[in-house]
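Structural overview for review
What follows is each chain in one-letter form.
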Amino acid sequence: MPTSSASTTDSAKSSSGGVQSLERAFDLLERMADAGGEVGLSELSASSGLPLPTIHRLMRTLVACGYVRQQSNRRYALGPRLIRLGESSARLLGTWARPYLARLVEETGETANMALLDGDEIVYVAQVPSKHSMRMFTEVGRRVLPHSTGVGKALLAAFPDAEVRALLARTGMPAATDRTITTPEGFLAALEEVRTAGYAVDDNEQEIGVRCLAVPVPDSPTAAAISISGPAGRVTESATGKIVPVLQQVAAELSEVLSNPGGTTA
């Protein structure tokens, strides 16, 4: 019996009510990103459970749209059209985070920041400045190496030591100040302290006279952290005990917003 157009449409829907082919295409893009940006069809088939013909058809469409490119070795890599989407999304992420950063400023008195791990670098995507006349300022869009920052420690604490060592080997560990950690062993020890304490500290390691406290944003769709930074004379050890619970609470609330498909914001 001929298949009606209505039943054909229904069969293309996923169990969640979405379009199955779209869900599968985005799932493949995320699997490619998790694999480092370049994979073979057999690897995608093994990780996704989809048959090779289905993956080949989806990848052919993504290649035609410019979101994936086929390499000379017949493997597939994430395409350049994703860059514009990622940059726009990062800007919006900062916009969504700003009300939460403003709360941090109100409750701690210090400048609040949000940063992402982009490749091997930290990029700051949002900031709300302190109201103090003496305050810290980090330009939105600025990129720094993770080993000298509180947000870098907060983010890399979730990574296995082997991956952290590989990243440090790629970036090197130049000293921003005489307090910067410049050895992999020292940095890994610092990450263990972050895991135990639940927060990270940049103690004059990026800039002399400045201390920063940072925590990751749990379950963020991309690795993200929030922080406060201020003069070392204000962000003291005694102040840390009051500031960290506020950071962790705001990070948890921001996590709910970023992981909510409905996109509800504060």
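Structural data are supplied above this passage.
Let me sum up the structure you'll find in this document. (Residues numbered from 1 in each chain as written. Predicted model: local features only at pLDDT ≥ 70, side-chain atom pairs only at ≥ 80, totals over all residues. Heavy atoms only, no water.)

This brings us to the layout of surface pockets. Quantified by volume, the second largest pocket comes out at close to 240 Å³. Along the wall of the second largest pocket there are 15 residues; nearest its centre are T138, R142, Q206, E207 and V210. For the lining of the second largest pocket, the secondary structure elements donating two or more residues are β8 (210–216) and β9 (224–231). In the lining of the second largest pocket, the residues fall into five nonpolar, seven polar and three charged. (1 Å grid on protein atoms, 1.4 Å probe; cavity = no way out; pocket = protein on both sides within 12 Å on 5 of 7 lines; lining within 4 Å. Points joined across faces, edges and corners; volume = space filled by probe spheres on them. Helix = DSSP H or I, 4+ residues; strand = E, 2+ residues; numbered from the N terminus. Nonpolar A, V, L, I, M, F, W, Y, C, P; charged D, E, K, R; others polar.)

This part is about the nonpolar core. Formed by 30 residues in total, the largest nonpolar core has its most connected members in L101, L104, M114, I226, L247 and L254. For this core, the secondary-structure elements that each account for two or more residues are α5 (81–108), β4 (111–118), β5 (121–128), β8, β9 and α9 (237–258). Broken down by element, this core gets its largest block of residues, 10 residues, from α9. Ignoring any residue separated from it by four or fewer positions in sequence, one finds M114 in contact with L93, A97, L101, V123, Y124, V125, A126, A224, A225, I226, L254 and L258. (Core = buried A, V, L, I, M, F, W, Y, C linked by side-chain atoms within 4.5 Å. Buried < 20%, exposed > 50% of the residue type's maximum accessible area, 1.4 Å probe, protein only. Contact = heavy atoms within 4.5 Å.)

Our next topic: a nonpolar patch on the surface. A cluster of nonpolar residues, V19, L22 and F26, forms a patch on the protein surface that exposes about 290 Å² of accessible area. Here L22 is to be found in helix α2 (residues 20–34). Owing to a relative accessible area of 47%, L22 belongs among the partly exposed residues under this scheme. (Patch = residues over 30% accessible without salt bridge, like charges linked within 9 Å, V, L, I, M, F, W, Y side chains within 5 Å. Areas by Shrake-Rupley, 256 points an atom, 1.4 Å probe, with all protein chains shown as cover. Salt bridge = Lys/Arg side-chain N within 4 Å of Asp/Glu carboxyl O.)

As a further point, take the sheet that holds β5. Taken in spatial order, the six strands line up as β6-β5-β4-β9-β8-β7 in an open sheet, and their pairing is antiparallel. Looking at the sheet topology across the chains shown, the edges are occupied by β6 (143–144) and β7 (200–203). Across seven bridges, β8 lies against β9 in antiparallel orientation. Considered in β9, the bridge of C212 is made with S229. (Pairing = 2+ DSSP bridges.)

Next up on the list: the sheet that holds strand β1 (residues 38–39). With antiparallel pairing, the three strands of this open sheet are ordered in space as β1-β3-β2. Each having just a single partner strand, β1 and β2 (68–70) make up the two edges of the open sheet. The sheet contact formed by β2 and strand β3 (residues 76–78) spans three bridges and is antiparallel. Residue pairing across strands places V68 opposite L78, the latter belonging to β3. Together, β1, β2 and β3 form the strand contacts of α2, whose direction differs from that of β3 by roughly 90°. The sheet strands contacting helix α4 (residues 52–65) are β2 and β3, and the helix crosses β2 at an angle near 105°. (Axes fitted to C-alpha atoms, helices over the stretch in contact; angles between N-to-C directions.)

Regular strands show a simple pattern: their side chains alternate between the two faces of the sheet. Where burial is concerned, most of β8 is hidden: six out of the seven residues are buried. Pairing between β7 and β8: four bridges, direction antiparallel. Paired with D203 across the bridge in β8 is R211. The antiparallel pairing of β7 with β8 creates a hairpin that spans six residues between the two strands, and N204 there sits at a positive phi of about 65°.

Under the 1.5 Å per step criterion, the end-to-end length of α2 is 21 Å for 15 residues, consistent within 8% with the ideal 21 Å. Turning to α2, its buried residues are A25, L28, L29 and M32. Relative to the axis of α2, the buried residues are bounded by an arc of 100° and lie together on one face. Those residues of α2 that are exposed and aimed more than 90 degrees away from the buried face are F26, E30 and D34. Following α2 by one or two positions, G36 adopts a phi angle in the positive range, close to 100°. (Expected span 1.5 Å × (residues − 1). Arc of directions from axis to C-beta.)

With that settled, the discussion passes to the pairing of β4. Most of β4 sits out of view: seven of its eight residues are buried. Here six bridges tie β4 to β9, and the two strands are oriented antiparallel to one another. When the sheet's bridge partners are listed, A112 is paired in β9 with I228. Across seven bridges, the pairing between β4 and β5 is antiparallel. Residue L116 lies in a different strand from β5, and its bridge partner there is V123. Hairpin connection between β4 and β5: a loop of two residues separates the two successive antiparallel strands, and G119 in this loop has a positive phi of roughly 65°.

Read these as spatial facts, not as claims about activity.
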